[in-house]
Amino acid sequence: MNRITLKTVYREYDSPGELSSRQQVLIMKAIEAAGRAYAPYSGFRVGAAVQLANGEIITGNNQENAAYPSGLCAERVALFYAGANYPGEKIIAIAITATEHGKPLEMPVSPCGGCRQVMLETELRHNHPVEVILHGAKKTRVLKSAADLLPLPFTLSPDSKGP
Ligand code: THU
């Protein structure tokens with residue numbers, strides 16, 4: 001029997017001012033995107049901003065539906081748009097933020113399991129880590145790779161590095 005411990009490392013900042021201007025712009029775009037979310041059922045508006053290798057920024061926000069499971073998270077709206085329209089472009093980073101009933105969350109929002117899985121496959125697809133920036137009004141967390149958010153992920157070929 002082997003006992004295996006998994007470790008996640010992330011950096012936590014008190015203010016986005018401590019981050020690079022590239023990261024700050026991405027956070028601003030995520031905040032703006034959250035303001036455009038369609039979340040009449042939860043009142044929880046999430047914004048995501050995805051940075052492509054070519055410098056472009058794609059944004060997304062959660063899109064809810066009266067048939068609840070038909071809605072989609074902000075992260076996946078942005079990542080799938082990037083995948084659909086820029087299939088060859090590496091994804092460098094994603095910033096995520098949220099408000100609840102119009103109030104910015106103090107602590108950073110953590111992506112749901114489904115979005116972690118999609119972020120991870122984005123890394124495998126492009127063979128490039130996706131920096132994850134989780135923004136809250138009081139703290140901002142930065143992870144160097146989406147893999148840090150999803151230990152022991154599902155892959156179709158667990159013996160190989162990816163699809
Ligand atoms: N949501 C996201 O957009 N991203 C996540 O990572 C978790 C949850 C959305 C889904 C739903 O519209 C609302 O937040 C409340 O769960």
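Residues numbered from 1 in each chain as written. Predicted model: local features only at pLDDT ≥ 70, side-chain atom pairs only at ≥ 80, totals over all residues. Heavy atoms only, no water.

Trainee: So what about the pairing of strand β3 (residues 57-61)? Which residues, and what values?
Mentor: Taken together, the 5 bridges between strand β2 (residues 44-52) and β3 define a ladder with antiparallel strand orientation. Note that in β3 the partner of V50 across the bridge is I58. Hairpin remark: β2 followed by β3, antiparallel, with 4 residues in the connecting loop; positive phi at G55, about 95°. (Pairing = 2+ DSSP bridges. Helix = DSSP H or I, 4+ residues; strand = E, 2+ residues; numbered from the N terminus.)

Trainee: Quick one: what's the story with the site of the ligand, residue by residue and with numbers?
Mentor: Near the ligand the following residues occur: S42, F44, V46, N62, E64, C73, A74, E75, P111 and C112. A distance of 2.9 Å separates an oxygen atom of the ligand from a polar atom in the backbone of A74. Here an oxygen atom of the ligand and a backbone polar atom of C112 are 3.0 Å apart. Burial of the ligand by the protein chains amounts to 75% of its free accessible area of 370 Å². (Near = heavy atom within 4 Å. Polar contact = N/O pair within 3.5 Å; in protein donor to acceptor, adjacent residues only side chain to side chain. Areas by Shrake-Rupley, 256 points an atom, 1.4 Å probe, with all protein chains shown as cover.)

Trainee: I'd love a proper account of the pairing of strand β7 (residues 140-143), names of residues and values included.
Mentor: Side-chain alternation along β7 places T140 and V142 on one buried face and R141 and L143 on a second face that is also buried. Relative to β7, strand β1 (residues 11-13) is paired through 3 bridges, and the arrangement is antiparallel. In the strand pairing of β7, Y13 is matched with T140. In terms of strand pairing, strand β6 (residues 131-135) meets β7 through 4 bridges, oriented antiparallel. Within β7, the residue paired with H135 across the bridge is T140. (Buried < 20%, exposed > 50% of the residue type's maximum accessible area, 1.4 Å probe, protein only.)

Trainee: Tell me what's going on with helix α3 (residues 113-126), and back it up with residues and numbers.
Mentor: Its 14 residues place the ends of α3 20 Å apart at the C-alpha level, agreeing with the 20 Å of an ideal helix rising 1.5 Å per residue. Of all the positions in α3, only C115, R116, V118, M119, L120, T122, E123 and H126 are classed as buried. Lining the buried residues of α3 we find α2 (74-85), β4 (91-100) and β6. Looking at the residues trailing α3, positive phi occurs at N127, about 50°. (Expected span 1.5 Å × (residues − 1). Contact = heavy atoms within 4.5 Å.)

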